[in-house]
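Structural description and commentary
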Amino acid sequence: MSDDENERRRDLRMPNDDEVFAVVTNMLGANRVRVRCADGVERTARIPGRMQKRIWIREDDVVLVEPWDWQDEKGDVTWRYEKSEADQLRREGHIQ
């Protein structure tokens, strides 16, 4: 890797045991989004209050979702990646 590539590569937050990568496919309103998760499941994800005013989430954003234990088709958004970070995740093969 060249120095330029090394500088651009950042250590990104990776999913912990109960989180999965997901891509936002639809904005549903009422702090909810439709996501397509890396495990192949479409889920309705909730944007928690601590993220609502600080982080804007749009369609095609890459996020981390924590599926609910008691209802697998739903979950909570726990993290949103910037566009450059999402591109790096794609390049490294973590997401499609």
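Keep in mind that this is a model prediction, so the values were computed, not measured.

1. As for the packing of aromatic side chains
Across all of its chains, the model carries 2 aromatic pairs by this definition. Pairing tryptophan 68 with tryptophan 70 gives two aromatic rings, centres 5.1 Å apart and planes at 20 degrees, and the pair type is stacked. Judged by relative accessible area, tryptophan 68 falls into the buried class, the value being 17%.

2. Digging into the confidence of the model for the protein chain
Looking at the protein chain as a whole, its pLDDT mean stands at 86, while 90% of the residues score no less than 70. Confidence, expressed as mean pLDDT per element, reaches its minimum in the protein chain at helix α1 (residues 3-8) with 46 and its maximum at strand β3 (residues 42-46) with 95. Scored below 50 in pLDDT, residues 1-7 makes 2 contacts in the model with residues more than four places away or belonging to other chains.

3. Describing the pattern of salt bridges
Taken as a whole, this structure holds 7 salt bridges when the rule is applied. Among the ionic pairs, arginine 43 bridges to aspartate 39, the shortest N-O distance being 3.2 Å. The class of arginine 43 is buried, set by a relative accessible area of 1%. Aspartate 72 serves as the salt-bridge partner of arginine 43, at 3.0 Å between the closest nitrogen and oxygen. Of the two residues, arginine 43 is situated in strand β3 and aspartate 72 in the loop between β4 (62-67) and β5 (74-80); the sequence distance between them amounts to 29 residues. Residue aspartate 72 is classed as partly exposed on the basis of its relative accessible area of 42%. Through salt bridges with shared partners, one network takes in Asp39, Arg43 and Asp72.

So, how was this worked out
Residues numbered from 1 in each chain as written. Predicted model: local features only at pLDDT ≥ 70, side-chain atom pairs only at ≥ 80, totals over all residues. Heavy atoms only, no water. Phe/Tyr/Trp six-rings, centres within 6.5 Å; stacked < 30°, edge-to-face > 60°. Buried < 20%, exposed > 50% of the residue type's maximum accessible area, 1.4 Å probe, protein only. pLDDT = per-residue confidence, 0-100. Helix = DSSP H or I, 4+ residues; strand = E, 2+ residues; numbered from the N terminus. Contact = heavy atoms within 4.5 Å. Salt bridge = Lys/Arg side-chain N within 4 Å of Asp/Glu carboxyl O.

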